[in-house]
Amino acid sequence: MIKLNDIVVKFGDFTALHNINVHVKEGEFFTFLGPSGCGKTTTLRTITGFIEPVSGSVVVKDRDITHVPIEDRNIGIVFQSYALFPTMTVYDNIAFGLKIKKMKKAEIDRKVREIAQKVDLSDEQLKKAVSQLSGGQQQRVAIARALVTGPAIICMDEPLSNLDAKLRVQLRNELKKMQKDFGITTIYVTHDQEEALTLSDRIAVFNKGYIEQIGTPNEVYNHSKTEFVCNFIGDINRLEDEVVEKLVATGAAVDAMKHNYVRLERLHVNVPPQPGQVALRGKVTMREYYGLYIKYYIDLGSQSIKVIEKNDGVRIYEEGQEVEVVIDPRDIMAYAPGEEAEVGA
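Residues numbered from 1 in each chain as written. Predicted model: local features only at pLDDT ≥ 70, side-chain atom pairs only at ≥ 80, totals over all residues. Heavy atoms only, no water.

Participant: Which residues make up the pattern of salt bridges, and what values go with them?
Facilitator: Per the stated rule, a full pass over the model turns up 17 salt bridges. Glu 28 is the partner of Arg 202 in a salt bridge, and the nearest nitrogen-oxygen pair spans 2.6 Å. Of this pair, Arg 202 sits in strand S9 (residues 202-207) while Glu 28 is found in the loop between strand S2 (14-24) and strand S3 (29-33), placing the two residues 174 residues apart along the sequence. The exposure class assigned to Arg 202 is buried, which follows from its relative accessible area of 17%. By relative accessible area, which is 6% here, Glu 28 ends up buried. Between Lys 295 and Asp 235 there is a salt bridge whose closest N-O contact spans 3.4 Å. Here Lys 295 is found in strand S15 (residues 293-299), whereas its partner Asp 235 is found in the loop between helix H9 (227-232) and strand S11 (236-239), with 60 residues between them in sequence. (Salt bridge = Lys/Arg side-chain N within 4 Å of Asp/Glu carboxyl O. Helix = DSSP H or I, 4+ residues; strand = E, 2+ residues; numbered from the N terminus. Buried < 20%, exposed > 50% of the residue type's maximum accessible area, 1.4 Å probe, protein only.)

In structure tokens, the structure reads:
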């Protein structure tokens, strides 16, 4: 559907993107994830036509659009700020692109009302000025405006970042449902790992103008290809040398020459170790209660390690309590600096 081939973008002497290669499948929800300044928005703007690469090509459905004007690319865009016209009605905001295309009034009306219904905007809201709407409603207007012209692709640049946390979660679910209902190919930009893991079919993790990994949410989380991805996606423990030495002493297949990491939920407290697993003695120093789960900070003597346990309402450990942390060496992700990950089975 969308192919980025060896895309290089420069701003003066600064290289913003280094040979970016991405293939987005038709109907896919594909996310560009990374910290500020990593190149994800620059890549999005290259697809939409706001930025022209110094080399490489943007191909959509086998058509090279690298030098095609923005208005001729058939791509819908939802900006971080929504870029709506605040004094215009919701109806006129949604209809704007259709009027530019010089469609007949009756056809515009039909399309506007049809798309408004699909994104849950009422006839009453269509009459209001955009400035009278809540942030969540404005986001729906921006999506409706992007979809009403029937684009082959929709690109979204951090569309939820201006909303409060509760509304972000609510609209995240709605956004995924809408995308599935429309079946439209979606490119989504975010710095929020949870958002990326929740929404995406696949994720490209950016760092300093390079793509570190492309994969499903499960692949980038559980089989992180590089040390950067491992640290950026979710919370994780880096095992200090003394802990690694304890594991090695038990005969565990752990490489002490590499940086070793393990996810919080892969560790368990006070359960009988299975064959191949190792139990380490420690003491609970702090507990964070989240309801669904509890996060424990456990001092192993040489380092503090974080463990997430499902809250069953029975096995709750107190600060100062001695416990055993059980680890399976196969859950360890190990990296040599500058090299790709070697992920356990």
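Here the narrative resumes.
Participant: Requested: an account of the sheet that holds strand S4 (residues 55-60), with residues and values cited.
Facilitator: With respect to topology, four strands assemble into an open sheet ordered S2-S1-S4-S5, the strand pairing being antiparallel. In this open sheet, the two strands that pair with only one neighbour each are S2 and strand S5 (63-64). In this structure, S4 lies alongside S5, joined through two bridges in antiparallel fashion. Looking across to S5, one finds that Val 60 is bridged to Arg 63. Helix-sheet contacts for helix H1 (residues 40-48) involve strand S1 (2-11), S2 and S4, and the interaxial angle to S1 is about 115°. (Pairing = 2+ DSSP bridges. Contact = heavy atoms within 4.5 Å. Axes fitted to C-alpha atoms, helices over the stretch in contact; angles between N-to-C directions.)

Participant: Outline empty space enclosed by the protein, supporting the account with residue identities and numerical values.
Facilitator: Over the atoms, a rolling probe the size of a water molecule traces out where space has been left empty. Per the stated rule, a full pass over the model turns up one cavity of 30 Å³ or more. Every residue lining the largest cavity is listed: Ile 143, Leu 147, Ile 154, Met 156, Leu 175, Met 178, Gln 179, Phe 182, Ile 184 and Thr 186. Every element with two or more residues in the lining of the largest cavity is listed here: helix H5 (135-147), strand S7 (153-157) and helix H6 (165-182). Counting residues per element, the lining of the largest cavity draws most heavily on H6, which supplies four residues. Looking at the lining of the largest cavity residue by residue, the class counts come to eight nonpolar, two polar and no charged. (1 Å grid on protein atoms, 1.4 Å probe; cavity = no way out; pocket = protein on both sides within 12 Å on 5 of 7 lines; lining within 4 Å. Points joined across faces, edges and corners; volume = space filled by probe spheres on them. Nonpolar A, V, L, I, M, F, W, Y, C, P; charged D, E, K, R; others polar.)

Participant: Outline the domain arrangement of the chain, listing residues and values.
Facilitator: Domain annotation of the chain identifies domain 1 (2-232) and domain 2 (236-343). The distance between the C-alpha centroids of domain 1 and domain 2 comes to 38 Å. Contacts between the two partners involve ten residues from domain 1 and, on the opposite side, 13 residues from domain 2. At the boundary of domain 1 with domain 2, total buried surface from both sides reaches about 1000 Å², with 45% on carbon and sulfur atoms. Contact with domain 2 buries area across many residues of domain 1, yet Tyr 221, Glu 227 and Cys 230 alone supply 52% of it, more than any other trio. Summed over the shared surface of domain 1 and domain 2, the result is zero salt bridges. Along the contact surface separating domain 1 from domain 2 lie eight residue pairs in polar contact (both at pLDDT 80 or more). When residues of the side of domain 1 that touches domain 2 are traced back to their parent elements, those giving at least two are helix H8 (217-222) and H9. (Domains from an automatic or database assignment. Buried area = accessible area lost by both parts, 1.4 Å probe. Polar contact = N/O pair within 3.5 Å; in protein donor to acceptor, adjacent residues only side chain to side chain.)

Participant: Explain a nonpolar patch on the surface to me, using residue names and the numbers behind them.
Facilitator: Taken together, Phe 85, Phe 96 and Ile 100 make up a surface patch of nonpolar side chains, about 260 Å² in accessible area. Examined against the element boundaries, Phe 96 turns out to sit in helix H2 (residues 90-100). (Patch = residues over 30% accessible without salt bridge, like charges linked within 9 Å, V, L, I, M, F, W, Y side chains within 5 Å. Areas by Shrake-Rupley, 256 points an atom, 1.4 Å probe, with all protein chains shown as cover.)

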